[in-house]
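Here's the letter readout for the chains.
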Amino acid sequence: MTRVFNPRFGTSPISLGIPIIVFIFLVFAAPHFTGGENLSNLVNQIVVLLIGSLGQLVVALVGGIDLSIGSLVSLTSCVLSTQDSLVTAIPLCIALAILVGAANGVGTAVFGVHPLIMTFSMATFLQGVAYFILPAPSSAIPAGLQALAQSRIGGAPIAIVWCIAAIGITYVLLRRSQLGLHLYAIGASPPNAHLNGLRVVPSTIAAYIFCSLSAVCAGLFLSARVASADPTMGGPLALDSITAIALGNVQLSGGIGGVLGAVTGALTLGLLANGMNLMGISPFVRSAFTGVLLLVAISLQKRKVIGL
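Residues numbered from 1 in each chain as written. Predicted model: local features only at pLDDT ≥ 70, side-chain atom pairs only at ≥ 80, totals over all residues. Heavy atoms only, no water.

1. Some details on the overall build of the protein chain
Applicable threshold: Secondary structure elements follow DSSP: runs of H or I no shorter than four residues count as helices, runs of E no shorter than two count as strands, and numbering proceeds from the N terminus. The size measure is the radius of gyration over C-alpha atoms, and the globule rule it meets is 2.2 Å times the number of residues to the 0.38 power. Burial here depends on accessible area, computed with a 1.4 Å probe over protein chains only, as a share of the maximum for the residue type. Under 20% is buried, over 50% is exposed, and the range in between is partly exposed. We call two residues contacting when some pair of their heavy atoms lies within 4.5 Å. The protein chains shown are the only cover counted for residues, whose accessible areas, like all others here, come from Shrake-Rupley with a 1.4 Å probe. By the counting scheme adopted, Arg and Lys are positive, Glu and Asp are negative, and His together with the chain ends is not counted. Positions of charges follow a simple convention, taking NZ of Lys, CZ of Arg, CG of Asp or CD of Glu.
A count of helical and extended segments in the protein chain gives 13 helices and two strands. Compactness check: the protein chain gives a C-alpha radius of gyration of 19 Å against a globular reference of 19 Å for 308 residues, within 12% of the reference. Structurally, the protein chain occupies a C-alpha span of about 50 × 45 × 35 Å along its principal axes. By the burial criterion, 51% of the 308 residues in the protein chain qualify as buried. The long-range fraction of contacts in the protein chain, counting pairs at least 24 apart against all pairs at least 6 apart in sequence, stands at 79%. Carbon and sulfur atoms form 71% of the exposed surface of the protein chain, whose accessible area is close to 13800 Å². Distance from the positive charge centre (11 side chains) to the negative charge centre (5 side chains) of the protein chain: 24 Å.

Following this line, the structure appears as structure tokens:
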């Protein structure tokens, strides 16, 4: 129990209890919430947010933030629409992620551009490129892509495999690798990390590359699930992923947070979105509610200096 609520990883009884409370509430308040079809849809809806939130978590640990992941999801779907085969599409998308992540990391860690400015500029640039490649939605995506998100394993949606893989990879990175230890140390105090011989700049760049790779993975899954490409597909992901990790008690000033927090935050936000949809609440109200949740979550963080 003590390890679960380790302050270093940001988990608390409140952050872990919120999704349970929301789930119980929706069981009684939302019609058809516990139906098999809806639960399957819920998993498919959460996986994109979960993958994006895990990437956002890694960047937040070094005191950063990435507003470009939504646009990168959109651009990924547009790039997919230009390819005929997954053999060329997936490597191309991975290369794109590395390029975008490296640019964000170099801008913030080497040239000292504030993460908000750097990643917002990148988001604007990527969105423009997405519209240039694909001015309107298209159903032209590589053959076989749908199977990556629409298949079922033992009656369960394959989205569960994506969730488990994303959680496992991020957990190993943060808890079982030297880079993970460095990210926590850098987020706690970059000057001290540098004085102790840690490579602050390469580690920060690596964090942004991981976040961009997460965004591309989310874009691949989302494009496969809806079997189409759209230059606005990833629009809400940046705000939603930041809200999710904040709800999971990940400190946006850096150094505190963990996979469990990102998972519970994404689960909470996914449950709320699904429940509001079942209850017929307007998507505009859901968007406003997400903004309020983000403001409240950040306001309740304990540190005096918020990493925004």
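2. Considerations on the packing of aromatic side chains
What counts, and what does not: Each Phe, Tyr or Trp ring, with Trp reduced to its six-membered ring, pairs with another whose centre is within 6.5 Å; inter-plane angles below 30 degrees give stacked pairs, above 60 give edge-to-face pairs, and intermediate values give tilted ones.
Across all of its chains, the model carries two aromatic pairs by this definition. Taking the centre distance of 5.3 Å and the plane angle of 65° together, the rings of Phe23 and Phe33 count as edge-to-face. Placement of the pair is Phe23 in helix α1 (residues 13-29) and Phe33 in the loop between α1 and α2 (36-61), with a sequence separation of 10 residues. Looking at Phe23, the relative accessible area reads 37%, which means it is partly exposed. Residue classification places Phe33 among the buried residues on the basis of a relative accessible area of 1%.

3. Brief notes about the packing of helix α4 (residues 86-109) against helix α10 (residues 200-226)
Rules: Axis geometry follows a simple rule: fit a line to the C-alpha atoms, using only the stretch in contact for helices, then measure angles between N-to-C directions, giving values from 0 to 180 degrees. Crossing handedness is defined as follows: a turn of the near helix away from the far one that is anticlockwise and smaller than a right angle gives a left-handed crossing, while the clockwise case is right-handed. Residue type decides the class: Asp, Glu, Lys and Arg count as charged, Ala, Val, Leu, Ile, Met, Phe, Trp, Tyr, Cys and Pro as nonpolar, and the leftover types, Gly among them, as polar.
Relative to each other, α4 and α10 sit at 145°, their axes nearing to 7 Å. As for how α4 packs across α10, the hand of that crossing is right-handed. Of the residues in α10, those touching α4 at Cys93, Ile94, Ala97, Ile98, Val100, Gly101, Ala102, Asn104, Gly105, Val106, Thr108 and Ala109 are Val201, Thr204, Ile205, Tyr208, Ile209, Ser212, Leu213, Val216 and Leu220. Tallied by class, residues from the contact of α4 with α10 come to 15 nonpolar, six polar and no charged.

4. Thoughts on the environment of Leu126
Take Leu126: it is sitting in helix α5 (residues 115-133). Taking the C-alpha atoms as reference, Leu126 lies 9.0 Å from Val100; in sequence the two are 26 residues apart. In this structure Leu126 touches Ser68, Ser71, Leu72, Leu75 and Val100, once residues within four positions along its chain are discounted.

5. Details of the side chain of Ser53
If you trace the backbone, Ser53 turns up in helix α2. Judged by its relative accessible area of 0%, Ser53 falls in the buried class. Those residues in contact with Ser53, other than ones at most four positions away along the chain, are Ser241, Ala244, Ile245, Ala262 and Ala266.

6. Quick look at the nonpolar core
The condition is simple: Only buried Ala, Val, Leu, Ile, Met, Phe, Trp, Tyr and Cys residues count toward a nonpolar core, and they belong to the same one when joined by side-chain atoms within 4.5 Å.
Within the largest apolar cluster, 85 residues are counted, with the highest numbers of intra-cluster contacts made by Val47, Leu57 and Leu174. Top contributing element to this core by residue count: α2, with 13 residues. The contact partners of Leu174, leaving out residues within four places of it in the chain, are Leu57, Val58, Leu61, Gly180, Leu181, Leu183, Tyr184 and Val259.

7. Considerations on α10
Heads up, the condition is: By this rule the span expected of a helix is its residue count minus one, scaled by 1.5 Å.
Taking 1.5 Å as the rise per residue, α10 with 27 residues should run 39 Å; its terminal C-alpha atoms sit 39 Å apart, in good agreement. Counted residue by residue, α10 has 20 buried out of 27 residues, so it is predominantly covered. Ala227, located one to two residues past α10, shows a positive phi value of around 55°.

8. Things to note about the confidence of the model for the protein chain
Note the following rule: The quantity called pLDDT is the predictor's confidence in a given residue, expressed from 0 to 100.
Predicted confidence across the protein chain gives a mean pLDDT of 89, with 95% of residues reaching 70 or more. Contacts for the low-pLDDT stretch residues 304-308, under 50 throughout, to residues beyond four places or in other chains number 11 contacts.

9. Section: a nonpolar patch on the surface
The cut-off we apply is this: Excluding any residue in a salt bridge, patches collect residues exceeding 30% relative accessible area, merging like charges within 9 Å and nonpolar Val, Leu, Ile, Met, Phe, Trp and Tyr side chains within 5 Å. A side-chain nitrogen of Lys or Arg and a carboxyl oxygen of Asp or Glu constitute a salt bridge if their distance falls within 4 Å.
There is a patch of nonpolar side chains on the surface, built from Ile20, Phe23, Ile24, Val27, Phe28 and Leu39 and spanning about 570 Å² of accessible area. A total of five residues in the nonpolar patch trace back to one element, the largest contributor, which is α1. Topologically, Leu39 is positioned in helix α2.

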